[in-house]
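# Observations on the three-dimensional arrangement
Residue-level listing of the chains:
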Amino acid sequence: MRNGSIPGSSGRVRPMRLLGDTGLGTPCEDVTDFDDALAQLVEDMFATMYAAAGVGLAANQIGVPLRVFVYDCPDDEDRRHLGHLVNPRLVEADGVTVRGPEGCLSVPGIEAGTPRFDRAVVEGFTLDGAPARVTGTGFFARCLQHECDHLDGGLYLDHVTGLRRRRALRAVRRAPWAGSTQAQPEPARTA
């Protein structure tokens, strides 16, 4: 991601952790070393997110228990938001609550109507340790809340209740990946 390169272009696709992996349910640790290893982790996360056709990815989804996430996500006005946050904390979540379809790379193929605030503010740091503040609305606010949940050991399914939750959990039990906690990376796609 340095020198204006395309995020993930120097990264490698890592295996995705799936629902049932204990690392997904454990809060992540703060990053203490802002070094080349962190920069490579972020590159690998972008590569993995793009290979899985996602819009956000938390480090624990690839088995790294650190507070880092990446995103390449549109908002409701179709403006693209691209970046990463290290040691992010959700500091504001407000506005109307919108129930919208939400899925997860760690729960592939399953979506459920999930309530989220329409506005979110996350504070953290960049790769070089500079303070960063990201504000999102609409779908991008949903993404920010979703990734912060991951780093706190949660999943979007934790916000789903009633019939929607029962249907989602039934779909999980029937999913071809059920029982596996790690997916193999997909082969690289070509244009």
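To start, this report covers the structure provided alongside it. (Residues numbered from 1 in each chain as written. Predicted model: local features only at pLDDT ≥ 70, side-chain atom pairs only at ≥ 80, totals over all residues. Heavy atoms only, no water.)

Our focus in this paragraph is a positive patch on the surface. A cluster of like positive charges, contributed by Arg99, Arg164, Arg166, Arg167, Arg170, Arg173 and Arg174, occupies part of the molecular surface. No other element matches helix H3 (residues 162-174), which puts 6 residues into the positive patch. Counting through the fold element by element, Arg170 comes out in helix H3. (Patch = residues over 30% accessible without salt bridge, like charges linked within 9 Å, V, L, I, M, F, W, Y side chains within 5 Å. Areas by Shrake-Rupley, 256 points an atom, 1.4 Å probe, with all protein chains shown as cover. Salt bridge = Lys/Arg side-chain N within 4 Å of Asp/Glu carboxyl O. Lys, Arg positive; Asp, Glu negative; His and termini not counted. Charge placed at Lys NZ, Arg CZ, Asp CG, Glu CD. Helix = DSSP H or I, 4+ residues; strand = E, 2+ residues; numbered from the N terminus.)

Mapped onto the elements of the fold, Arg67 is located in the loop between strand E2 (56-58) and strand E3 (68-74). Using a relative accessible area of 3% as the deciding quantity, one classes Arg67 as buried. Engagement of the side chain of Arg67 in a polar contact is seen with the backbone oxygen of Pro88, the distance being 2.7 Å. With near-sequence residues (within four places) excluded, Arg67 lies in contact with Cys28, Glu29, Asp30, Val31, Leu85, Val86, Asn87, Pro88, Arg89, Leu151 and Asp152. (Buried < 20%, exposed > 50% of the residue type's maximum accessible area, 1.4 Å probe, protein only. Polar contact = N/O pair within 3.5 Å; in protein donor to acceptor, adjacent residues only side chain to side chain. Contact = heavy atoms within 4.5 Å.)

It is worth spelling out the nonpolar core at this point. Nonpolar side chains tend to gather and get buried jointly when the protein is soluble and globular. Ranked by size, the top nonpolar core spans 31 residues in total, and within it Leu41, Met45, Leu57, Val68, Val107, Ile110 and Tyr156 carry the most contacts. For this core, the elements supplying multiple residues, two or more each, are helix H1 (36-51), E3, strand E4 (80-104), strand E5 (107-125) and H3. The greatest single-element share of this core, amounting to 7 residues, is contributed by H1. If we ignore the near neighbours within four places in the chain, the residues touching Met45 are Leu57, Ala58, Ala59, Ile62, Val68, Phe69 and Val70. (Core = buried A, V, L, I, M, F, W, Y, C linked by side-chain atoms within 4.5 Å.)

Time to look at the pairing of E5. Remember that side chains alternate between the two faces of the sheet whenever the strand is regular. As judged from the 13 bridges shared by E4 and E5, these two strands associate in the antiparallel manner. By the bridge assignment for E5, Asp94 is matched with Arg119. Here 7 bridges tie E5 to strand E6 (residues 131-137), and the two strands are oriented antiparallel to one another. For Glu123, the partnering residue across the bridge sits in E6 and is Arg133. (Pairing = 2+ DSSP bridges.)

In this section: the sheet that holds E5. Spatially, E2-E3-E4-E5-E6 is the arrangement adopted by the 5 strands of the open sheet, whose pairing is antiparallel. Whereas interior strands pair on both sides, the edge strands pair on one side only; in this sheet they are E2 and E6. For this sheet, the mean angle separating the axes of adjacent strands, direction not counted, is 40 degrees. Across 7 bridges, the pairing between E3 and E4 is antiparallel. Bridged to Cys73 within E4 is His81. Lying over the sheet, H1 contacts E2, E3 and E4, oriented at roughly 40 degrees with respect to E3. Sheet strands touched by H3: E4 and E5. Its angle to E5, the strand with the most contacts, is close to 115 degrees. (Axes fitted to C-alpha atoms, helices over the stretch in contact; angles between N-to-C directions.)

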